[in-house]
Amino acid sequence: MGLMDILLGRTKPVVADLDRLFALPSAAVTLEAAAGFTPTGQGAVCFATVEGAAFEQSHREVQALLDADTDRDGPPVELRQDDYGYSWLVSRRAPGRLAALVNDLHAVNSQLEVNGFGPQLLCSLAGFEDGAGRRLALVYLYKRGTFYPFAPLADGTQRRDNALELQVRAALSGDLRIERDLSRWFPLWGAPGL
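Definitions and cut-offs
Residues numbered from 1 in each chain as written. Predicted model: local features only at pLDDT ≥ 70, side-chain atom pairs only at ≥ 80, totals over all residues. Heavy atoms only, no water. Helix = DSSP H or I, 4+ residues; strand = E, 2+ residues; numbered from the N terminus. Expected span 1.5 Å × (residues − 1). Buried < 20%, exposed > 50% of the residue type's maximum accessible area, 1.4 Å probe, protein only. Arc of directions from axis to C-beta. Contact = heavy atoms within 4.5 Å. Pairing = 2+ DSSP bridges. Salt bridge = Lys/Arg side-chain N within 4 Å of Asp/Glu carboxyl O. Axes fitted to C-alpha atoms, helices over the stretch in contact; angles between N-to-C directions. Parallel < 35°, antiparallel > 145°, perpendicular 65-115°, else oblique. Left-handed = near helix turned anticlockwise from the far one by under 90°. Nonpolar A, V, L, I, M, F, W, Y, C, P; charged D, E, K, R; others polar.

Engineer: Would you mind going over helix α2 (residues 24-35) with me for this structure?
Structural biologist: Side chains that are three or four residues apart share a direction in an α-helix, a result of its 3.6 residues per turn. Taking 1.5 Å as the rise per residue, α2 with twelve residues should run 16 Å; its terminal C-alpha atoms sit 15 Å apart, in good agreement. For α2, the complete set of buried residues consists of L24, A27, A28, L31 and A35. Taken end-on, α2 shows its buried residues confined to a sector of 110°, consistent with a single buried face. The outward face of α2, more than 90 degrees from its buried face, is lined by the exposed residues V29 and A33. Residues of α2 that are buried in the fold lie against β1 (38-48), α4 (98-117), β4 (121-129), β5 (135-141), β6 (146-150) and α5 (162-172). Backbone geometry just after α2 places G36 at a positive phi near 80°.

Engineer: Is there a simple way to think about the pairing of strand β3 (residues 86-92) in this case?
Structural biologist: Taken residue by residue, a regular strand's side chains alternate between the two faces of the sheet. Within β3, five of the seven residues are buried, leaving the element largely enclosed by the surrounding structure. Sheet topology places β1 next to β3; seven bridges connect them, and they run antiparallel. When the sheet's bridge partners are listed, C46 is paired in β3 with W88. Across four bridges, strand β2 (residues 78-81) lies against β3 in antiparallel orientation. By the bridge assignment, L79 is partnered in β3 with L89. Linkage of β2 to β3, two consecutive antiparallel strands, is achieved through a turn of four residues, within which G85 is found at a positive phi near 90°.

Engineer: How should the environment of A132 be read in this particular structure?
Structural biologist: Tracing the backbone shows A132 in the loop between β4 and β5. Since its relative accessible area comes to 67%, A132 is described here as exposed. A sequence separation of 96 residues divides A132 from G36, and the C-alpha atoms of the two residues are 9.5 Å apart.

Engineer: When you look at the pattern of salt bridges in this model, what are you seeing that I'm missing?
Structural biologist: For side chains of opposite charge, pairing can occur when their charged atoms come near one another. In total, this model carries eleven salt bridges according to the counting rule given. Residues D155 and R159 are paired through a salt bridge, measuring 2.5 Å at the closest nitrogen-oxygen approach. The partly exposed category is assigned to D155, whose relative accessible area is 43%. Through salt bridges with shared partners, a single network forms among E78, R80 and R92.

Engineer: What exactly am I supposed to notice about the environment of F150 here?
Structural biologist: Mapped onto the elements of the fold, F150 is located in strand β6. Its relative accessible area of 1% is what places F150 among the buried residues. It is 8.8 Å that separates the C-alpha atoms of F150 and L164, two residues lying 14 residues apart in sequence. Apart from residues lying up to four places away in sequence, F150 is in contact with R135, L136, A137, V139, R160, E165, F186, P187, L188, W189 and L194.

Engineer: Before we go on, may I ask you to explain the packing of α2 against α5 in this structure?
Structural biologist: Working note: a packed helix pair is described by the angle between its axes plus the distance between those axes. Following both chains from N to C, one finds α2 and α5 inclined at 125°, their axes separated by 10 Å at the closest point. In terms of axis orientation, α2 runs oblique to α5. The handedness of the crossing between α2 and α5 comes out as right-handed. Here A27, T30, L31, A34 and A35 of α2 lie close against α5, whose contacting residues are Q167, V168, A171 and L172. Its residues placed into classes, the contact of α2 with α5 shows seven nonpolar, two polar and no charged.

Engineer: Looking at this structure, I do not really get the sheet that holds β4. What am I missing?
Structural biologist: Neighbouring strands of a sheet are bound in pairs by backbone hydrogen bonds; such pairs are parallel or else antiparallel. In spatial order, the strands read β2-β3-β1-β4-β5-β6; together these six strands make up an open sheet with antiparallel pairing. Among the strands making up the open sheet, the edge pair consists of β2 and β6. Put simply, the sheet's adjacent strands are angled 25° from each other on average, direction ignored. Of the pairings in the sheet, the one linking β5 to β6 comprises five bridges and is antiparallel in character. Bridging from a neighbouring strand, Y140 pairs with F147 of β6. Where α5 meets the sheet, it contacts β5 and β6, and its direction lies at approximately 145° from that of β6.

And the structure:
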């Protein structure tokens with residue numbers, strides 16, 4: 001960064017570090033001990049919708065890569081669109097196989113990045129729930145290289161459990177690089193994989 005960048009207030013974008021996703025299994029242990037949340041076995045990668053043959057080829061490569069896993073008990077990855085026009089590649093594993101789910105999320109992100117779709121990547125999430133049926137997602141922001149918790153209320157409204165999100169932030173601050181700017185804790189209403 002040069003002197004002119006500093007004077008004009010320009011900043012360099014954070015480089016995404018997909019290997020940070022591999023911290024999720026150890027963070028899950030802390031999350032269970034601190035708040036009673038366990039993995040649901042569902043996760044997803046969100047990206048700006050892309051049309052065309054190049055993306056179709058990339059999607060087929062991701063499916064073939066994940067299909068190669070003989071331990072998988074279901075479809076490797078499902079492509080879905082949300083109500084806001086974003087695309088999601090959703091992966092499902094047994095709840096006790098969070099490490100395998102993280103490998104899936106990493107593989108999807110890496111494959112899309114390698115094929116030139118890195119600028120369209122937005123976030124990845126892994127789903128959790130507690131004994132009372134409360135849902136929670138740990139969301140990785142691709143362009144920031146940070147995580148944040150998203151906890152929608154179970155009452156069907158588009159409201160969040162802010163107290164739970166702050167509790168999870170405090171519990172996981174030693175395990176994950178948590179996004180400090182709360183305005184970047186975007187709500188993911190109706191996100192597949194949550």
